[in-house]
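Working through the structure, step by step
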Amino acid sequence: MNYVDFKSPTQLDEARTLLKELGESASPVAGSTLHVFLKDESPKVAVDILRLGLNGIRLVDGVYHIGATTTVTDMLNHRQHGWVLDRVAEAFVTQPIRNMATMGGSVVRVFPWSDLPVALLALNAELVITGDAERVMSAPEFFATQPFHHLQAGDLLTSVRIPALVEGQGFAYHKERRTTTDFSRCTIAAWLALDDGKIADVRIAVGAAVPMPRRMDAVEDALKGARPGPAAFEKAMQAGIDAPRWKGLHGISDEYARHLASVHIVDVLTKAHEEAKGA
Amino acid sequence: MNMKTITFTLNRKEQSFDIEPDETLIDLLRRTGHTGTKLGCDTGMCGSCAVIVDGRAINACILFAFQANGRTVETIEGVGDFDSPHPLQTAMADAGAVQCGFCTPGIVMTAKALLDEKPDASEEDFKLHLDGNLCRCTGYVKIKEALLSCSSATGGES
Ligand SMILES: Cc1cc2nc3c(=O)[nH]c(=O)nc-3n(C[C@H](O)[C@H](O)[C@H](O)COP(=O)(O)OP(=O)(O)OC[C@H]3O[C@@H](n4cnc5c(N)ncnc54)[C@H](O)[C@@H]3O)c2cc1C
Ligand code: FES
Ligand code: FES
């Protein structure tokens, strides 16, 4: 990055005013890990947003509020009833990067290797943007395009809300990669809720092997109301597997990306079901 | 360039530095004589540049120097030296876990951050916390033995 100056505000309003005044010539900086991939040589003023007190994980009325500057390590270390993002954080590259990268930085710009957007789609997250007024976007709305397009100068993502898992619900996440620093080939997250032994609700999201993370609507539709089990999961997977345009990355073919997804959709559904059953 | 002054605690001593806004922490450390921190990949993939900032290991090749302003930074120079090595350094040498030595400062810093937080770290803890440290010489078995011997869970002392 070509930073020509830096600012270290300590209040949200101060940071927003700076970002608004400086417009295109400023950039919020959280964990700063993205500059490894984003070679932007235009002169910019870095606005450090790590001192605004936007970090922390709070459970309010059954919903987790995760501050935008909460690090991935904080998500990994958090232990509380119904908290599941530790399972995603564990798959997030390496310890030093988990120590630096934040929730906000990891969802505002989405890459094929981005773990959190896939999980947030399956978990029905809401994303809170603080601009001149506060806006709340659902995960499908937020990730329908590159999310930074939703942000005007002076807007910051300030928190992410996720309903805590309750009894009868399960969540699982799988990332297909060869080593910890390897880029993902395919990522799948599934959340499901049981009622009277049937699937009352389900959400499945896929990433890496598709242009942008997305929900698998046809798989979800095929599962709603069904009795869970290997046959139902396989049938639902078959019903939706050809909806996305699969894209093989890092030396794998499109067909193999589809194959990986077909295997892991069934796997994550099985794991989420096990948890929902209380196993 | 627009030089600016930042102040942070480096190896237990508060110090001020004039920095360029786009300077990384490793560039600042090395140009001020803290050459124990090694630059390997420069892209966050190898861990040879690991230092401890506010108690956590980070990649100094990624963090900008300005982000260290007001924080506490620990480098290998603050951990121990030839005459008075840290138990982790002694353990690495004793176990034969060092060959070319390029990865060693990063491994010691990352392991120290873990042991400072969790003195009874398990093998699983070390595996998770050191998943970003590559060694191209030793094959990891000796490194694992050395680090584990410093955990209070295995009778060690860090
Ligand atoms: C070697 C390496 C491997 C990686 N592998 C993975 C991986 O496997 N999985 C994965 O998910 N990630 C991975 N990452 C991390 C990922 O690519 C991003 O770098 C990271 O998630 C960004 O988070 P950050 O806090 O460092 O954001 P920054 O780098 O500080 O910022 C990223 C972008 O978001 C903007 N921004 C940050 N916070 C806010 C906010 N609150 N509001 C508005 N805009 C904001 C910034 O202006 C910038 O444009 C990897 C990174 C590295 C260096
Ligand atoms: S030099 Fe920083 S991670 Fe390799
Ligand atoms: S001892 Fe040579 S890279 Fe580790």
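Residues numbered from 1 in each chain as written. Chains lettered and ligands numbered in written order. Predicted model: local features only at pLDDT ≥ 70, side-chain atom pairs only at ≥ 80, totals over all residues. Heavy atoms only, no water.

1. Quick notes on the overall build of chain A
To keep things clear, this is the line we draw: Strands here are runs of E lasting at least two residues and helices are runs of H or I lasting at least four, both read from the DSSP assignment and numbered beginning at the N terminus. The reference for a compact globule is 2.2 Å times residues^0.38; the radius of gyration itself is calculated from the C-alpha atoms. Accessible area is worked out with a 1.4 Å probe on protein chains only. A residue is then buried under 20% of its type maximum, exposed over 50%, and partly exposed in between. What makes two residues a contact is simply this: any of their non-hydrogen atoms within 4.5 Å. The Shrake-Rupley method, run with a 1.4 Å probe sphere, supplies the accessible areas, and residue values consider only the shown protein chains as cover. We count Lys and Arg on the positive side and Asp and Glu on the negative side, and we leave His and both chain ends out. By convention, charge coordinates are those of NZ in Lys, CZ in Arg, CG in Asp, or CD in Glu.
In terms of helices and strands, chain A carries 10 helices and 12 strands. Here chain A has a C-alpha radius of gyration of 19 Å; the compact-globule value for 279 residues is 19 Å, and the two agree. Taking the principal axes of the C-alpha coordinates as reference, chain A spans close to 60 × 45 × 30 Å. Out of the 279 residues belonging to chain A, those deemed buried represent 58%. Taking the contacts inside chain A whose residues are at least 6 apart along the sequence as the reference set, 61% of them involve residues at least 24 apart. Only carbon and sulfur atoms are counted for the fraction: they give 49% of the accessible area of chain A, which is about 11500 Å². Side chains of chain A carry 29 positive and 34 negative charges; the gap between the two charge centres is 3 Å.

2. Comments concerning the site of ligand 1
Let me state the cut-off plainly: Residues are classed as near a molecule or strand on a simple rule: at least one heavy atom within 4 Å of it. Two N or O atoms form a polar contact when they lie within 3.5 Å of each other; inside protein one atom must be a possible hydrogen donor and the other a possible acceptor, and for residues adjacent in sequence the pair counts only when both atoms belong to side chains.
As a matter of local geometry, ligand 1 sits amid 33 residues, with A:Pro28, A:Ala30, A:Thr33, A:Thr102 and A:Ser106 nearest to it. In this structure, ligand 1 sits where chains A and B come together, each supplying nearby residues. Between ligand 1 and the protein, one listed contact pairs an oxygen atom with a backbone N or O atom of A:Gly31 at 2.9 Å. The contact in question runs from a nitrogen atom of ligand 1 to an N or O atom on the backbone of A:Trp113, over 2.8 Å. In the complex, the protein chains occlude 95% of the 980 Å² of accessible area that ligand 1 would expose alone. Counting residues per element, the ones that place at least two in the shell around ligand 1 are β2 (26–29), α5 (103–108) and β8 (156–163) of chain A.

3. Things to note about the interface of chain B and chain A
Here is the rule we go by: Two parts placed together each lose some accessible area; with a 1.4 Å probe, that loss summed over both constitutes the buried area. Throughout this description, the term salt bridge denotes a Lys or Arg side-chain nitrogen within 4 Å of a carboxyl oxygen of Asp or Glu. For this classification, Asp, Glu, Lys and Arg are treated as charged, while Ala, Val, Leu, Ile, Met, Phe, Trp, Tyr, Cys and Pro are nonpolar and the rest, including Gly, are polar.
Each partner contributes residues to the interface: chain B has 27 residues there, and chain A has 34 residues. Of the roughly 2700 Å² buried between chain B and chain A on both sides combined, carbon and sulfur atoms contribute 59%. Linking chain B to chain A there are three salt bridges. One salt bridge in this structure joins A:Asp5 and B:Lys4, with 2.8 Å as the shortest N-O distance. Remark: the boundary between chain B and chain A carries 15 residue pairs in polar contact (both at pLDDT 80 or more). The element best represented in the side of chain B that touches chain A is strand β4 (residues 56–59) of chain B, accounting for four residues. Grouping the constituent residues of the side of chain B that touches chain A by class yields 13 nonpolar, eight polar and six charged.

4. Some details on the packing of helix α2 (residues 87–94) of chain B against helix α5 (residues 141–148) of chain B
Residue and element names in this part refer to chain B. Our working rule: What counts as an axis is a line fitted to C-alpha atoms, over the stretch in contact for a helix, and the angles between N-to-C directions run from 0 to 180 degrees. Should the near helix be turned counterclockwise from the far one by less than a right angle, the crossing is left-handed, whereas a clockwise turn marks it as right-handed.
Contact pair α2 / α5: the axes reach a minimum separation of 8 Å and the direction vectors enclose 140°. Here α2 and α5 pass one another in a crossing that is right-handed. Where α2 approaches α5, its residues Leu88, Ala91 and Met92 are matched on the opposing element by Ile143, Ala146 and Leu147.

5. Overview of the nonpolar core
Applicable threshold: Throughout, nonpolar core names a set of buried Ala, Val, Leu, Ile, Met, Phe, Trp, Tyr and Cys residues whose side chains join them through atoms within 4.5 Å.
Residues A:Leu85, A:Phe171 and B:Leu25 are the most contacted members of the largest nonpolar core, which totals 75 residues. Broken down by element, the residue count for this core peaks at six residues, all from helix α6 (residues 116–122) of chain A. When near neighbours in sequence (up to four residues on either side) are disregarded, A:Leu85 contacts A:Ile66, A:Met75, A:Met103, A:Leu116, A:Ala119, A:Leu123 and A:Ile162. Within the second largest apolar cluster, 29 residues are counted, among which are A:Cys186, A:Ala190, A:Leu192 and A:Ile241.

6. Here we look at the sheet that holds β4(B)
All names here are of chain B. This is how the line gets drawn: Whether two strands pair depends on DSSP finding at least two bridges between them.
Taken in spatial order, the five strands line up as β2-β1-β5-β3-β4 in an open sheet, and their pairing is mixed. Among the strands making up the open sheet, the edge pair consists of β2 (13–19) and β4. Looking at each pair of strands side by side, their axes are set apart by 40° on average, direction ignored. Both strand β3 (residues 50–53) and β4 contribute to a ladder of four bridges, which runs antiparallel. Counted as the bridge partner of isoleucine 52 is alanine 57 from β4. Sheet strands touched by helix α3 (residues 104–117): β3, β4 and β5 (72–74). Its angle to β3, the strand with the most contacts, is close to 30°.

These figures come from the coordinates and say nothing about function on their own.
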